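Structure at a glance
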Amino acid sequence: MLLVEFYSHSTFSINKFYINLENYLRIVIKIKEIKKININVIGMTYTKEPNFTPKDPKEFDFKEIIYEKKDWKATVTINRPEVYNAYSTLTLMEMIEAFHDAAWDNKVAVIILTGAGDKAFCTGGDVKEYRERFTIKPAEYWKWMSIFQEVHDVFRNIGKPTIARINGIVAGGGNEWQMECDLAIAAEHATIQQVGTRVGSVACGGATQWLPIIVGDRRAREILYLCEPISAKKAMEWGLVNEVVPYAEIDAAVDKMCQKLIDKFPECMRYTKQQVNFWKDFVWHQTIGHAKDWLSIHYASWEPLEGMSAFVEKRPPNYKGIRESPHPEFLWGPPSVTCPSCQAKCIPSDFEFCGKCGAKLK
Ligand SMILES: [Zn+2]
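One structure accompanies this document, and this report is about it. (Residues numbered from 1 in each chain as written. Predicted model: local features only at pLDDT ≥ 70, side-chain atom pairs only at ≥ 80, totals over all residues.)

What follows deals with the overall build of the chain. Per the secondary structure count, the chain includes 14 helices and 15 strands. For the chain, long-range pairs separated by at least 24 residues make up 65% of all intrachain contacts whose partners lie at least 6 apart in sequence. (Helix = DSSP H or I, 4+ residues; strand = E, 2+ residues; numbered from the N terminus. Contact = placed C-beta atoms within 7 Å.)

What follows deals with the packing of helix α4 (residues 138-156) against helix α12 (residues 278-298). Across the interface, α4 lies against α12 with an axial gap of 7 Å and an inter-helix angle of 165°. As judged from the angle between their axes, α4 and α12 are roughly antiparallel. Both α4 and α12 take part in a crossing whose hand is right-handed. Seen from α4, the contacting residues are P138, A139, Y141, W142, M145, Q149 and R156; seen from α12, they are K280, I288, K292, D293, L295, S296 and I297. Looking at the contact of α4 with α12, its residues break down into 8 nonpolar, 2 polar and 4 charged. (Axes fitted to C-alpha atoms, helices over the stretch in contact; angles between N-to-C directions. Parallel < 35°, antiparallel > 145°, perpendicular 65-115°, else oblique. Left-handed = near helix turned anticlockwise from the far one by under 90°. Nonpolar A, V, L, I, M, F, W, Y, C, P; charged D, E, K, R; others polar.)

With respect to the element layout, D350 can be found in the segment after β15 (347-348). Judged by the 16 C-beta atoms lying within 10 Å of it, D350 falls in the partly exposed class. The sequence separation of D350 and V337 amounts to 13 residues, and the corresponding C-alpha distance is 9.1 Å. Excluding its chain neighbours within four sequence positions, the residues that come into contact with D350 are W332 and G333. (Buried ≥ 20, exposed ≤ 12 C-beta atoms within 10 Å, placed from the backbone.)

Strand pairs in the sheet, formed through backbone hydrogen bonds, run parallel or antiparallel to each other. Strand order across the open sheet formed by 4 strands is β7-β9-β11-β12, with mixed pairing between neighbours. Taken across any chain shown, the strands that pair with only one partner, and hence form the sheet edges, are β7 (120-122) and β12 (230-231). Judged from the 2 bridges that link them, strand β11 (residues 191-193) and β12 form a sheet pairing that is antiparallel. In the sheet register, T191 faces β12, and the bridge partner there is S231. Running over the sheet, helix α5 (residues 173-180) touches β7, β9 (169-171) and β11 and is turned about 100° from β9. (Pairing = 2+ DSSP bridges.)

Core analysis: the largest hydrophobic core is formed by 69 residues, its most contacted members being I111, I163, I166, I185, A186, A190 and V241. Discounting chain neighbours no more than four positions away, the residues touching I163 are V110, I112, C181, L183, A184, I185, V254, M257 and C258. (Core = buried A, V, L, I, M, F, W, Y, C linked by C-beta atoms within 7 Å.)

Turning our eyes to something else, we now look at the sheet that holds strand β5 (residues 73-78). One open sheet holds the 6 strands; their spatial order is β4-β5-β6-β8-β10-β13, and the pairing between them is mixed. At either end of the open sheet lies a strand with only one pairing partner, and these are β4 (65-70) and β13 (243-245). Taking each pair of neighbouring strands and ignoring which way they run, the sheet shows an average axis angle of 20°. Pairing of β4 with β5 involves 6 bridges; the strand directions are antiparallel. Paired with K70 across the bridge in β5 is K73.

Following this line, the structure appears as structure tokens:
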């Protein structure tokens, strides 16, 4: 948008307008005919006109989520059943758009988050994407975390109650999504688990932060350290979900809870959520920037490389290999050797030959 100033020679008046480029050019041509008005561009703003109108879900061209709105409810379904509804970068970007729309739409009173099919709710980040991208370019993880942080911020601040419809396995970052929902209803066959210490990462995108608030310190440590699946029944006993129902009844149970939420005052609901968000917001903002930096540096080390390679290669991680290594940070040893032949520096200490000139090092 352009900010333009009109000066009329006949009335000596000045007017200022915001106008898009197309209309500006049209007016300039007209003014050339009139010649009694001066028009000057005096500023420029954001190039796209803001659109504060909620859209019909069909207008979005989502590839990895399904977005539906009906009867005061918006449903966001992570639609990647072939990878147990793990989210990719694109999934998160699409979720941001859908959440913004649901926040703006006054016809939406409740947002339901779920996964496609009956196997998995969400199993966290796409480990294949992590292995391919971030163990090669760890600094890229820092940029990725900006998107991750944004989608969680938008969802936590959506201004309306949210329900996790837990239709199956919840793992890793999936548990962060279900915990970020205000309420959760799980199918009987669902399980919940964290995987960080098992796969070479740390679950500090919500899990280390929110589990102690939701289930208490001891249980949080058990879930985070041992990485064992918690049954739906146990999750219910521990207060990790609100309700457990047979899978066939999950939609009816979610709907019943939605109706109770819809029959409340929206402004009071929004502010109640804002208040109750306090501890979640507090611990999130105190730690997430640190987590973002630590994880992006951690991706340059051996633990995530081994953990994620093992996952992709479908084999158990070699924990003992790292524990017993004299240099657990470096796969082939620290970069401490200089080639006596070509003087190449920083060659890994375990190498027998120089990778540059081929000379024997030991
Ligand atoms: Zn050499």
